[in-house]
Amino acid sequence: TLQIVTPGSNTSLIQPGFSLLHFGSHVFYLGQKGWPKRSCPTGVFLMDLKNNDLKLRPTTFTNDSCYLPPLRHPAVCSFSASQGGETTQYLIHGGKTPNNEISHKFYVMTMALPVNRRFSLCCSEKDLAGDIPEARYGHSMNVVFSRGKTAVVMFGGRSYMPLNQRTTENWNNVIDCEPLVYLIDLQFGCSTSFNLRELQDGLSFHVSLVRNDTVYIFGGHSLGNNFRPPNVYKIKVDLPIGSPALSCTVINSKLSFSSSIATQTSPDEFVIVGGYESDSQKRLICNGVFLDDETIDIQEIETPNWTGEIKHSKTWFGADMGKGAVLFGIPVDNKHQSTDCSFFFYVLNFGDNDPALQTCSQGSTEEQEDSMPLEDSEEFTFNRDGNIFDEDT
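This section reports on the structure supplied with the text. Here the structure is a predicted model, which is why all the values come from computation and not from measurement.

### Observations regarding the overall build of the protein chain
Working step 1: Broken down by element type, the protein chain carries one helix and 30 strands.
Working step 2: Within the span of the protein chain, comprising 393 residues, buried residues form 49% of the whole.
Working step 3: When contacts within the protein chain are restricted to residue pairs at least 6 apart in sequence, those whose partners lie at least 24 apart make up 55%.
Working step 4: With an accessible surface of roughly 19,700 Å², the protein chain has 48% of that area assigned to carbon and sulfur atoms.

### Digging into the side chain of His221
Working step 1: Topologically, His221 is positioned in the loop between β19 (214–218) and β20 (231–238).
Working step 2: Here His221 falls in the buried class, since its relative accessible area comes to 8%.
Working step 3: At 2.8 Å, the side chain of His221 and the side chain of Arg158 are in polar contact.
Working step 4: Dropping the residues within four chain positions of it, His221 is found in contact with Arg158, Asp176, Gly202, Leu203, Ser204, Asn226, Phe227, Arg228, Ser258 and Asp279.

### A closer look at the pairing of strand β28 (residues 317–322)
Working step 1: Counting buried positions along β28 yields five of six residues, so the element is predominantly enclosed.
Working step 2: Pairing between β28 and strand β29 (residues 325–331): five bridges, direction antiparallel. Paired with Asp320 across the strands is Val326, a residue of β29.
Working step 3: Connecting β28 to the antiparallel partner β29 that follows it, the hairpin turn spans two residues, and Lys323 within it adopts a positive phi of roughly 55°.

### Considerations on the pattern of salt bridges
Working step 1: Overall, the coordinates contain nine salt bridges when judged by the stated rule.
Working step 2: Where Arg57 meets Asp48, a salt bridge forms, and the shortest distance between an N and an O atom there is 3.2 Å. No difference in accessibility class separates Arg57 from Asp48, as the two residues are buried.
Working step 3: With a closest N to O distance of 3.0 Å, Asp279 and Arg228 form a salt bridge. In this pair, Asp279 is assigned in the loop between β24 (276–278) and β25 (281–282) and Arg228 in the loop between β19 and β20, connecting sequence segments 51 residues apart.
Working step 4: Since its relative accessible area comes to 12%, Arg228 is described here as buried.

### Thoughts on the side chain of Thr214
Working step 1: Examined against the element boundaries, Thr214 turns out to sit in strand β19.
Working step 2: Within polar-contact distance, the side chain of Thr214 engages the side chain of Asp213 at 3.0 Å.
Working step 3: If sequence neighbours within four positions are ignored, Thr214 has contacts with Val144, Leu209, Lys234, Ile235 and Lys236.

### Quick word on the nonpolar core
Working step 1: The biggest cluster of nonpolar side chains holds 22 residues, and the ones touching the most others in it are Leu20, Met47 and Leu327.
Working step 2: Put simply, the parts of the chain that give this core at least two residues each are β3 (26–30), β4 (44–50), β5 (53–58), β28, β29 and β30 (343–349).

### What to know about the packing of aromatic side chains
Working step 1: Considering all chains together, one arrives at eleven aromatic pairs under this definition.
Working step 2: With a centroid separation of 4.8 Å and 75° between ring planes, the pair formed by Phe317 and Phe343 is classed as edge-to-face. Here Phe343 lies in strand β30 and Phe317 lies in strand β28, a separation of 26 residues in the sequence.
Working step 3: By relative accessible area, Phe317 is classed as buried at 12%.
Working step 4: Among the aromatic side chains, those forming a connected cluster through ring pairs are Phe18, Tyr29, Phe317, Phe343 and Phe345.
Working step 5: The aromatic ring of Trp316 is capped on one face by Lys282, whose charged end is 5.5 Å from the ring centroid.

### Looking at the environment of Cys341
Working step 1: For Cys341, the position within the fold is in the loop between β29 and β30.
Working step 2: Between the alpha carbons of Cys341 and Ser12 there is a distance of 5.1 Å; along the sequence they are 329 residues apart.
Working step 3: Aside from chain neighbours lying at most four places away, what touches Cys341 is Pro7, Thr11, Ser12 and Val332.

### Regarding the environment of Leu239
Working step 1: Residue placement: Leu239 occurs in the loop between β20 and β21 (245–252).
Working step 2: Separated by 88 residues in the primary sequence, Leu239 and Ala151 place their C-alpha atoms 8.4 Å from one another.
Working step 3: If we skip the residues at most four places from it in the chain, Leu239 touches Ser146, Arg147, Lys149, Thr150, Ala151, Leu183 and Pro244.

Thresholds, definitions, all that
- Per chain, residues are indexed from 1 in the order of the written sequence.
- Per-residue local features are limited, in this predicted model, to residues with pLDDT of at least 70; the limit for side-chain atom pairs, both in listing and counting, is 80 or more; totals at the level of whole chains, interfaces and linings are taken over all residues.
- The side-chain values count all of the structure's non-hydrogen atoms but skip hydrogen atoms and water molecules.
- A run of DSSP states H or I qualifies as a helix once it reaches four residues; a run of E qualifies as a strand once it reaches two. Both are numbered from the N-terminal end.
- Think of it in three bands: residues with accessible area under 20% of the maximum for their type are buried, residues over 50% are exposed, and the middle band is partly exposed, with areas taken using a 1.4 Å probe on protein chains only.
- We call two residues in contact when some of their heavy atoms are within 4.5 Å.
- Here the open area of atoms and residues is found with the Shrake-Rupley method and a 1.4 Å probe, where only the protein chains shown may cover a residue.
- Whenever two N or O atoms come within 3.5 Å, that pair is a polar contact, provided that in protein one can donate a hydrogen and the other can accept it, and provided that, for residues adjacent in sequence, both atoms are side-chain atoms.
- Here, strands pair whenever DSSP counts at least two bridges between them.
- Counted as salt bridges are all cases of a side-chain nitrogen of Lys or Arg within 4 Å of a carboxyl oxygen of Asp or Glu.
- Put simply, buried Ala, Val, Leu, Ile, Met, Phe, Trp, Tyr and Cys residues joined by side-chain atoms within 4.5 Å make one nonpolar core.
- Any two rings among Phe, Tyr and Trp, with Trp reduced to its six-membered ring, count as a pair given centres within 6.5 Å; such a pair is stacked if its planes are under 30 degrees apart, edge-to-face if over 60, and tilted if neither.
- Whether a charge lies above a ring is judged from NZ of Lys or CZ of Arg, which has to be within 6 Å of the ring centre and within 35 degrees of the ring normal.

And the structure:
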């Protein structure tokens with residue numbers, strides 16, 4: 001199903017390159033436009049989708065959290081304590097800041113226990129040692145499980161040219177990162193790079209899917225030769241007691257795309273939607289991907305009834321909402337410039353939930369008044385000695 005949603009409070013902060021983090025039935029938005037104001041310092045929002053009305057609710061962080069800047073195109077992946085279990089953490093690396101600086105930092109995001117029925121997040125920065133990945137964006141991360149152990153696989157991305165190669169004319173030019181595969185031990189923060197002969201070109205804005213100990217890399221774009229390879233790279237990770245081992249198999253899929261979005265509809269089934277077939281051609285077909293221990297099956301599936309605005313727009317962008325749903329936006333055309341928001345938003349749902357993701361709302365949290373964010377000079381607090389009030393009061 002394809003459903004247009006009505007933008008509400010704070011949706012003007014949505015921009016290309018955003019990420020969605022889903023903890024259970026709650027979806028959080030990361031990557032707001034511009035730097036956060038003091039009235040909403042975290043820049044992370046809880047998505048509230050009710051009756052096709054989309055609102056972003058400011059989210060608080062715990063006092064022991066580090067600062068998390070709004071990042072566009074970071075690598076984001078979920079982590080669960082057990083294989084196939086509920087998501088307990090999100091791992092975030094790289095991305096672009098509103099100043100167009102590229103981050104090299106590695107963050108771990110968890111959801112704190114609700115206080116007074118309100119949700120808060122805890123963010124910590126993790127130091128890496130060994131072969132540390134350079135600052136980058138447009139790359140991917142996945143958590144693999146092998147022999148009862150876990151590791152993070154990072155690949156691809158773009159970065160600025162080295163300082164000694166920059167001139168005034170090319171100062172902001174970006175290049176492909178080296179086609180190295182990084183294996184990161186989360187427990188000790190140790191990173192090891194692997195050079196696999198099957199991976200010759202740097203890739204970014206690809207799709208990565210994981211099943212058990214195997215990561216599948218689909219599509220992507222190589223700046224060096226302006227190429228979108230029609231291959232699937234199957235990277236298998238073995239984590240014995242000694243040194244880890246990685247192997248890569250190249251599978252020809254005849255699919256060539258970049259900037260697509262993948263959503264998981266069942267433990268072994270995924271859908272790839274959106275993206276671009278070339279610099280000027282959107283990709284309007286959808287593919288189902290079915291994985292088992294040894295094989296991969298890619299099939300073209302029924303496409304939604306795309307609206308005229310979607311078909312004719314030159315660009316689109318989005319992110320996975322979880323449970324088989326995708327949120328994406330297209331620019332508002334000149335005829336609709338009177339609207340406050342710069343984009344039309346749609347929810348594309350391949351799952352069983354209809355309407356899509358009603359559970360994305362705050363649930364038991366009471367409806368908050370829609371109001372303009374407070375400017376710095378307008379902030380105020382109430383305090384009464386000897387009494388403790390909860391936030392609702």
